[in-house]
2 protein chains.
Amino acid sequence: MYIGIDLGGTNIAIGLCDVNGKIVCSKSIPTPKDPAEIIKSMALLSGEVVESGGYKISDVKAVGIGCPGTINTSNGTVVYANNIAMDHVPMTDIFRTYLDLPVNIENDANAAAFGEYVTCGENVDSFIFITLGTGVGGGVITDGKLLRGFNYAGGEIGHFTLIYNGEPCTCGQRGCFESYASVTALIRQTKEAMKEHPESMMHEWVREHGSVNGRTSFSCAALGDKTAIAVRDQYIEYVAAGICSTINIFQPQVLAIGGGISREGSVLLDPIKEYLKKNDYNKFMPKTELKIATLFGDAGIVGAAMLAKQRFGE
Amino acid sequence: MYIGIDLGGTNIAIGLCDVNGKIVCSKSIPTPKDPAEIIKSMALLSGEVVESGGYKISDVKAVGIGCPGTINTSNGTVVYANNIAMDHVPMTDIFRTYLDLPVNIENDANAAAFGEYVTCGENVDSFIFITLGTGVGGGVITDGKLLRGFNYAGGEIGHFTLIYNGEPCTCGQRGCFESYASVTALIRQTKEAMKEHPESMMHEWVREHGSVNGRTSFSCAALGDKTAIAVRDQYIEYVAAGICSTINIFQPQVLAIGGGISREGSVLLDPIKEYLKKNDYNKFMPKTELKIATLFGDAGIVGAAMLAKQRFGE
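Worth saying up front: this structure is predicted, and the values here are computed from it rather than measured.

Undergrad: An account of the relation of the copies chain A and chain B is needed here, citing residue identities and associated values.
TA: Note on the chain copies: they are related by a rotation about an axis and a translation along it. Between chain A and chain B, the superposition needs a rotation of 180° and an axial shift of 0.0 Å, giving an RMSD of 0.0 Å. Taken together, the rotation angle and the small translation identify this as a two-fold axis. Most of the interface of chain A is mirrored in chain B, where 100% of its interface residues are also at the interface.

Here it is in structure tokens:
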């Protein structure tokens, strides 16, 4: 069996997975502030999770950790991760002083992508996972392996330019795909439209729900509000243009969309498919299958565990 | 030894290569109009090239063809290629009725990328070749293999969106990287600036040289013409933004720039490096090495031959 750890800025979620990536039991705790405490907590909670399922540590083959930031997978170091305050931390070495099992650390977005890939079937030639969340993240799998780049910093599909000299992006560039297709971007687009349209139903929606969020425009658009429809449709077209670009570059067999917005299902997916029909560069060969991802919050745990399996074997 | 064939809309260039991709002897003829004639000519000229070097067909292990359009490499079919008028042509089967050797067909941009990769050393982890020509083409090599996508239509790095809703692109989309960074785009940008600036030195340059081309702005900028400097610098920044996007996605160990514009050398390369220093998403890991490609017209022959070697062995 494999322990999968999804280390986030807010919570640490840990699951014990079988060889197929099925989560047998799991626990979650708030993320401690101190980096040393984070690693100790991950190790101790791993032991608790294993026990809670009636297993022993000797049943566990390896541990996988999905961690935010820049990770050196080969030596198990967190090179830099802003939101857990780590700078050149040898996470694997420290973790093993508490729990001496083989450990694989991977960037959290890559781990989530691998989790979706494994669940998707592993029998596809190539797979891309794009998550529309606070940012736009994801990962690329070809020949069963994550695209990491020569320096483990690759696969940043949220950070190609979609609009040259456009909105400032968190990465320092302007106009990245992320700065138009993230939930953060959708909230900005919603607020801008609301300011221009005091008659929009979205104002009432926000009074009821407390604040603008990623659902504001989608909910009011479903009720027929013209401003909300315009916001939603423009947002979906930004997403579609970015996905079309990604497909032109990779032509993956399957591309799965995750993150909060993906719960909108066919309202999101159908117009993207229409956009691709018109704009995909590939006119003569079989097309990429577009789908909504299935694991939601569990993708990180499953992917981290299955990457540990890929590295250390069954 | 390996025969490498670079099949273009204008010329067919054929070279006999040793196992390291060195061209031993070569010939070139204009491309016939008739598709059947093209394939026959390639086979006959291959025989002539081998003889001209004092070799025999039995010295040749395999033939590689770089062909424009959409290619099904696995069954040797040209699925669609507009500029050589082929639609579902079983090129390998037909070629072998004239010259019975193992044949590998690859998209011409991919073949050229592989040629540059082999020449670059083959010891790099990952490699991207971007050619700034009539269009923006290129190829991606990871783990020694071309990125083809599940349907052989991948690697179209000229066709991600750089400016959403921007200039129309030949592919049908708007605002592709190609529609700002190709020589065709540079010529359009040059003409637009000349129209607005009748005082620019570029008008005189064009009277001397006959027409606007990819060198107009670069040449006049070198002489201090302000309009030309603005055109050149803006063009280079488009190229840099596209290359930065490509690096954020792939983080290749080496990225080589080819095509006519690449002959500008450090005038092109230095500002791109400056742009990357400021804008590259990767702030903490080793950086992609940026260089000018070395093979120019020979990349297609060398790459086609070395792909045949990769497929059929030494």
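Undergrad: Report on the pattern of salt bridges, specifying residues and quantitative values.
TA: Following the criterion strictly, the structure yields 18 salt bridges over all chains and no others. Residues aspartate 233 of chain B and arginine 232 of chain B are paired through a salt bridge, measuring 3.0 Å at the closest nitrogen-oxygen approach. Take aspartate 233 of chain B: its relative accessible area is 37%, and that puts it in the partly exposed class. Among the charged side chains, a network of salt bridges with common partners joins Glu167, Arg188 and Glu192 of chain A.

Undergrad: Account for the sheet that holds strand β9 (residues 126-132) of chain B, naming residues and giving values.
TA: All names here are of chain B. With respect to topology, five strands assemble into an open sheet ordered β11-β10-β9-β12-β13, the strand pairing being mixed. Each edge of the sheet is formed by a strand with only one pairing partner; in this case those strands are β11 (145-146) and β13 (289-292). Of the strand pairs in this sheet, β9 and strand β10 (residues 136-142) are connected by seven bridges, and their pairing is antiparallel. When the sheet's bridge partners are listed, isoleucine 130 is paired in β10 with glycine 138. Helix α8 (residues 226-250) rests against β9, β10, β12 (254-258) and β13 of the sheet, and its axis sits at about 155° to β9. Packed on one face of the sheet, helix α9 (residues 266-279) meets β9, β12 and β13 and runs near 165° to β13.

Undergrad: Tell me about the pairing of β12 of chain B, and please be specific about residues and values.
TA: All names here are of chain B. Counting buried residues along β12, five of its five residues qualify, which places the element largely inside the surrounding structure. Side chains Val254, Ala256 and Gly258 project from β12 onto one buried face, and the interleaved Leu255 and Ile257 project onto a second face that is buried too. As paired elements, β9 and β12 share five bridges and run parallel to each other. Looking at β12, one finds that isoleucine 130 is bridged to isoleucine 257. Here β12 runs beside β13; their pairing, made up of four bridges, is parallel. Residue pairing for β13: alanine 256 is matched across the bridge by lysine 291. Between the parallel pair β12 and β13, the chain is carried across by α9, and the sense of this crossover is right-handed.

Undergrad: Please provide a residue-by-residue account of the interface of chain A and chain B, values included.
TA: Across the contact, 51 residues belong to chain A and 51 residues belong to chain B. Summing the contributions of chain A and of chain B, the shared interface buries around 4,300 Å²; its carbon and sulfur component is 63%. Sorting the residues of chain A by area buried against chain B places Phe150, Tyr164 and Ile249 of chain A first, and these three jointly supply 19% of that buried surface. At the junction of chain A and chain B, the tally comes to two salt bridges. Here lysine 145 of chain A and aspartate 143 of chain B are joined by a salt bridge, their closest N and O atoms 2.9 Å apart. For the side of chain A that touches chain B, the secondary-structure elements that each account for two or more residues are β5 (70-72), β6 (77-81), α8 (226-250) and α9 (266-279) of chain A. In terms of residues, the side of chain A that touches chain B owes the most to one element, α8 of chain A, which gives nine residues. Among the residues forming the side of chain A that touches chain B, the class breakdown is 24 nonpolar, 20 polar and seven charged.

Undergrad: Before we move on, can you summarise the packing of helix α3 (residues 108-120) of chain A against helix α10 (residues 299-312) of chain A with the specific residues and values?
TA: Residues and elements named next belong to chain A. Relative orientation of the contacting elements α3 and α10 amounts to 85°, with a least axis distance of 7 Å. Viewed along their axes, α3 and α10 adopt a mutual orientation that is roughly perpendicular. Along the contact surface, α3 presents Ala111, Ala112, Phe114, Gly115, Glu116, Val118 and Thr119, while α10 presents Ala299, Gly300, Val302, Gly303, Ala304, Met306, Leu307 and Gln310. Of the residues that constitute the contact of α3 with α10, the class distribution is nine nonpolar, five polar and one charged.

Undergrad: Now, about the packing of helix α1 (residues 35-52) of chain A against helix α2 (residues 91-98) of chain A: what can you tell me, with residues and values included?
TA: When two helices pack together, their arrangement is given by the angle between the helix axes and the distance between those axes. All names here are of chain A. Running from N to C, α1 and α2 cross one another at 45°; their axes reach a closest spacing of 9 Å. Between α1 and α2, the interaxial angle falls into the category oblique. With respect to the hand of their crossing, α1 and α2 are arranged in right-handed fashion. Counted together, Ile39, Lys40, Met42, Ala43 and Ser46 of α1 and Met91, Ile94, Phe95 and Tyr98 of α2 form the full contact between these two elements. Its residues placed into classes, the contact of α1 with α2 shows seven nonpolar, one polar and one charged.

Undergrad: Can you break down the environment of glutamine 310 of chain A residue by residue, with the values?
TA: All names here are of chain A. Relative to the assigned elements, glutamine 310 resides in helix α10. Among the residues examined, glutamine 310 registers a relative accessible area of 41% and is labelled partly exposed. With 56 residues separating them in the primary sequence, glutamine 310 and valine 254 have C-alpha atoms 21 Å apart. Setting aside anything within four residues of it in sequence, one finds glutamine 310 in contact with Phe114, Gly144 and Lys145.

Conventions adopted
- Residues numbered from 1 in each chain as written.
- Chains lettered and ligands numbered in written order.
- Predicted model: local features only at pLDDT ≥ 70, side-chain atom pairs only at ≥ 80, totals over all residues.
- Heavy atoms only, no water.
- Least-squares fit on C-alpha atoms with pLDDT ≥ 70 in both.
- Contact = heavy atoms within 4.5 Å.
- Salt bridge = Lys/Arg side-chain N within 4 Å of Asp/Glu carboxyl O.
- Buried < 20%, exposed > 50% of the residue type's maximum accessible area, 1.4 Å probe, protein only.
- Pairing = 2+ DSSP bridges.
- Helix = DSSP H or I, 4+ residues; strand = E, 2+ residues; numbered from the N terminus.
- Axes fitted to C-alpha atoms, helices over the stretch in contact; angles between N-to-C directions.
- Right-handed = clockwise from strand over helix to strand, strands pointing away.
- Buried area = accessible area lost by both parts, 1.4 Å probe.
- Nonpolar A, V, L, I, M, F, W, Y, C, P; charged D, E, K, R; others polar.
- Parallel < 35°, antiparallel > 145°, perpendicular 65-115°, else oblique.
- Left-handed = near helix turned anticlockwise from the far one by under 90°.

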